[in-house]
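Spelled out from the first residue to the last, the chains are:
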Amino acid sequence: MHQTFAITKNSRKSLSHFLNTTSLEKLNKIPEGFNNNIIWNIAHIIVVQQMLSYKLSGLPMLVSDEMVAKYTRGTKPLNDVTQSEIELIQSVLFETINKTEEDYNIGIFQNFQEFTSLSGFTMRNIEDALAFNYYHEAVHTGMIMSIMKFV
């Protein structure tokens, strides 16, 4: 599992780079033909990882219910995010995955509820969920890279 977390942390470094080098205006811009923006994709990645790991294990997530409601599947940006919200997202970007790794290592993800993603991947345990998560992060990182061409 060490490699799974290493891949996810590397993905998060790329996302952090977008947050650190892209203007607030560009992070919030929704280009024509897209349903969301860069910051929505980054926050969505965080929320989904938490849902896959903690919620499906019947545990409290490390992000707020407000963040989940704002960035869960099927949502889209209703207004621009502020610089302080960007800073919050930046802070939980690594905190969440580091804590998930710590919690995995102490074995808290015991009561995993089986779940099948929209893409048809069935997760039967935390290891499946963590493996699926880096696929999910890669999909949304690709979306971010596409959006970057238009902002």
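It should be emphasised that the depicted structure is a prediction, and the values quoted were computed from it without experimental measurement.

**Things to note about the side chain of S53**
(1) Moving on: One can find S53 in helix α3 (residues 38-53).
(2) Moving on: Setting aside anything within four residues of it in sequence, one finds S53 in contact with T100, F109, I126 and L130.

**Remarks on the packing of aromatic side chains**
(1) Moving on: For the structure on display, the rule yields five aromatic pairs.
(2) Moving on: Seen from their ring centres, F121 and F132 are 5.6 Å apart, and the 10 degrees between their planes marks the pair as stacked. Taken together, the positions of F121 in the loop between β1 (115-116) and β2 (122-123) and F132 in helix α6 (residues 126-148) put the pair eleven residues apart, joining distant regions of the chain.
(3) Moving on: When its relative accessible area of 34% is taken as the criterion, F121 is described as partly exposed.
(4) Moving on: Accessibility expressed as a relative area gives 9% for F132, which makes it buried.
(5) Moving on: Each ring, one from F132 and one from Y135, has its centre 5.5 Å from the other, and the planes form 50 degrees; the classification is tilted. Placement of both F132 and Y135 in helix α6 is noted, with a separation of three residues, approximately one turn of the helix.

Parameters and conventions
- Residues numbered from 1 in each chain as written.
- Predicted model: local features only at pLDDT ≥ 70, side-chain atom pairs only at ≥ 80, totals over all residues.
- Heavy atoms only, no water.
- Helix = DSSP H or I, 4+ residues; strand = E, 2+ residues; numbered from the N terminus.
- Contact = heavy atoms within 4.5 Å.
- Phe/Tyr/Trp six-rings, centres within 6.5 Å; stacked < 30°, edge-to-face > 60°.
- Buried < 20%, exposed > 50% of the residue type's maximum accessible area, 1.4 Å probe, protein only.

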